[in-house]
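Okay, here's what each chain looks like letter by letter:
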Amino acid sequence: MEFKNENEFDKSQPNSSEAIENPNIEKQLKDTIHVNHTEENSHAVDATFTVEANATWDREEREDRSEFEPTTEAILPPEMEQTRTTSQVDQKHKKKRNVKGFASTLAAGVIGSVLTLAVLPHTDYIKNHFPKVENQEAISSQQGTSVKPVVAQPTAASSNSIADTVEKVSKAIVGIVNYQQQQNNFYGNPNPSQSVESGSGSGVIFQKNNDTAYIVTNNHVVEGATKLEVSLFDGEKATAEVVGTDALTDLAVLKIDAKYVTATADFGDSSTLRPGDQVYAIGNPLGLDLSRTVTQGIVSATNRSIAITTSAGNWDTNVIQTDAAINPGNSGGALINPQGQVIGINSLKISESGVEGLGFAIPSNDLIPIVNQLIKNGKIDRPYLGVGLADLDQVAQMYWQNLPNTTKGVMLTNIEPNSAAAKAGLQVKDIIISMNGTKITSSTDLRKYLYTKVSKGDEIKFGVYRDGKQITVNVKLAE
């Protein structure tokens, strides 16, 4: 059924005066209403009610108007003029008598109401007629406590809100621009080299000590730089100095003048993280134009081992996996928990086609010892063997054809003079397959064991294949 607006209804339906004067039209209207009612049950009630109400009201109004106030005066002949005048006078007298009677009735009603309102409160009528009004109100009030009206609450600042936490931590997040020397001898340019921007990243101010403030970031953000410029929260820029770097763990510590620093960030305990915990990444994706961008995610996994290639060789890095968006420029930025503690330094992501939500951060518990050593010594003091390495599966078989087919290990490609390896008698083309009984299948395995399982001055038993024969070589690491 098609509903029409009010104007359309007036045009399509006959008015009440036409219905009164022409009984056929009124009958036709009722038939139409009846048909509409039977055709569509879902809308017929509303449609029938609207038509009947409007038609009835209009008809009654026009009947009253036609009885007492005719809108059209008939032209009467002169002999009937006196009759009309007399009829009008009689009608006026009747109206006056009706008005006086109505006024008297109204006055009497008002006086009676006043007396009733004055006397009734002093009687027991109300209490007898409504003996449980107060009790009903109390019961209704108790029942209503479980369901409260829904209202819009004003937005109020809270010390526990994520916005407050992010705002506080963001003051300790900086942008880092890496400038490197570029040779330019074209067209007789008098300046043979100049510093040009080669990349940018992020960093976290974690300590302010007297006149110096320290920043942690990734090594690949600052590697190869001849100048490092730090952009702070308030727009100030400062030149940074490298305190120390470690390529294997991809960490670096910088320092700037403390006068630029107004806030520092605290490290949290990354060992308490569980998959599903909320985390937030803060950094400068795609450069300083999008500085201190905040992205939200969860901890997807902990203790992931990701193989990375660094300037110091291949290394399996222990990382936190997260689905918080991490993009180029986020490197070195903070991964924080809802309490605002830094529980990781954003380091890398997998950006292959069809891959989403695979970002990784160096756990705070892994980076804190590295940071402390870099501040103290300017470098990571690890055991040093003094050898060049190549994975066996990357070496032509002609160099190890006398070995069993199932052999996996690391071939020594060079030996540094006076190193621990040279003093112990290791030789080029030796194939290391174990260290203190632990299998070694790659150069990454060898470095990880050397840097995490032993210390300077320790002695290591190497299982070695030489000329097709397996031997044991003891190597004492330098102190």
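Scroll up to find the structure.
All figures in this text were calculated on a predicted structure; none of them were measured in a lab.

1. A look at the sheet that holds strand S8 (residues 293-310)
And step 1. The strand order around the closed barrel built from 6 strands is S7-S8-S9-S12-S11-S10, with neighbouring strands paired in antiparallel fashion. The sheet shows a mean angle of 50 degrees between the axes of neighbouring strands, direction not considered.
And step 2. The sheet contact formed by strand S9 (residues 313-322) and strand S12 (residues 359-363) spans 3 bridges and is antiparallel. When the sheet's bridge partners are listed, Ile 320 is paired in S12 with Ala 361.
And step 3. Of the strands in this sheet, strand S7 (278-283), S8 and strand S10 (334-336) are in contact with helix H8 (residues 162-170), which crosses S7 at around 35 degrees.
And step 4. Against the sheet, helix H10 (residues 364-377) touches S9, strand S11 (342-349) and S12, its axis set at about 50 degrees to S12.

2. So, the environment of Asp 316
And step 1. Positionally, Asp 316 belongs in strand S9.
And step 2. Distance from Asp 316 to Thr 444, taken between C-alpha atoms, is 6.7 Å for residues 128 residues apart in sequence.
And step 3. When residues no more than four places from it in sequence are discounted, the contact partners of Asp 316 are Ser 305, Ile 306, Ala 307, Thr 444 and Lys 448.

3. Let's talk about the side chain of Asp 250
And step 1. Looking at the element boundaries, Asp 250 is found in the loop between strand S5 (237-246) and strand S6 (251-257).
And step 2. Put simply, Asp 250 is tucked away with no salt bridge, and the nearest opposite charge, on Arg 382, sits 11 Å away.
And step 3. For Asp 250, the side chain forms a polar contact with the side chain of Ser 347, separated by 3.2 Å.
And step 4. For Asp 250, the residues in contact, after removing those within four places along its chain, are Thr 217, Asn 218, Asn 219, His 220, Ser 347 and Ile 362.

4. Some words on H8
And step 1. Every buried residue of H8 is listed here: Thr 165, Val 166, Val 169 and Ser 170. One side of H8 carries all its buried residues, which in axial view fall inside an arc of 125 degrees. Projecting away from the buried face of H8 at angles above 90 degrees are the exposed residues Ala 163 and Lys 168.

What counts as what
Residues numbered from 1 in each chain as written. Predicted model: local features only at pLDDT ≥ 70, side-chain atom pairs only at ≥ 80, totals over all residues. Heavy atoms only, no water. Pairing = 2+ DSSP bridges. Helix = DSSP H or I, 4+ residues; strand = E, 2+ residues; numbered from the N terminus. Axes fitted to C-alpha atoms, helices over the stretch in contact; angles between N-to-C directions. Contact = heavy atoms within 4.5 Å. Buried < 20%, exposed > 50% of the residue type's maximum accessible area, 1.4 Å probe, protein only. Lys, Arg positive; Asp, Glu negative; His and termini not counted. Salt bridge = Lys/Arg side-chain N within 4 Å of Asp/Glu carboxyl O. Polar contact = N/O pair within 3.5 Å; in protein donor to acceptor, adjacent residues only side chain to side chain. Arc of directions from axis to C-beta.

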